[in-house]
Amino acid sequence: MEKRLLAVEMWFLRRIFRISWTEKKTNEKVLRLTDTDRSLLRLFRKRQMEFFGHIYGHDGLEKLMLHVEGRRARGRQRQTFMDSLSRFINTPNKSLSLTYSDRLRTERLGNP
């Protein structure tokens, strides 16, 4: 998924600044010409983390939906939100939710 986001970001930049693919300019050269850096993936991950914090901070149906148990469909398995997030942070799903729960518990006690 990361590769696709990086590719679409470059496609956006090329479209905005009217740089054709036939001009044979590398992605690095396009970034230098436009005086920008790759920020779409970073923004996407930041918003994922904010959404996770928002959902995990409340007790509700959304929090239950993050950990659905049962049989998965046949074929290539879909990547869940938690799988994507845990792969980004390099932690297993279970420890991700435990880490956030510990943080909430200490904040509620008054130890930020």
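What counts, and where the lines are drawn
Residues numbered from 1 in each chain as written. Predicted model: local features only at pLDDT ≥ 70, side-chain atom pairs only at ≥ 80, totals over all residues. Heavy atoms only, no water. Core = buried A, V, L, I, M, F, W, Y, C linked by side-chain atoms within 4.5 Å. Buried < 20%, exposed > 50% of the residue type's maximum accessible area, 1.4 Å probe, protein only. Helix = DSSP H or I, 4+ residues; strand = E, 2+ residues; numbered from the N terminus. Contact = heavy atoms within 4.5 Å. Arc of directions from axis to C-beta.

> Break down the nonpolar core for me, citing the residues and quoting the values.
Of all hydrophobic cores here, the largest spans five residues; its members are Met10, Leu13, Ile19, Val30 and Leu31. Those elements that provide at least two residues to this core are α1 (2–16) and α2 (27–34). The contact partners of Ile19, leaving out residues within four places of it in the chain, are Arg14, Lys25, Val30 and Thr34.

> Please set out α2 residue by residue, giving values where relevant.
Listing the buried residues of α2 in full gives Val30, Leu31 and Thr34. Angularly, the buried residues of α2 cover 100° about the axis, an arc narrow enough to put them on a single face. Opposite the buried face of α2, by more than 90 degrees, sit the exposed residues Glu28 and Arg32. With its phi angle positive at about 55°, Asp35 sits one or two positions after the end of α2.

By themselves, these observations are geometric and do not establish any function.
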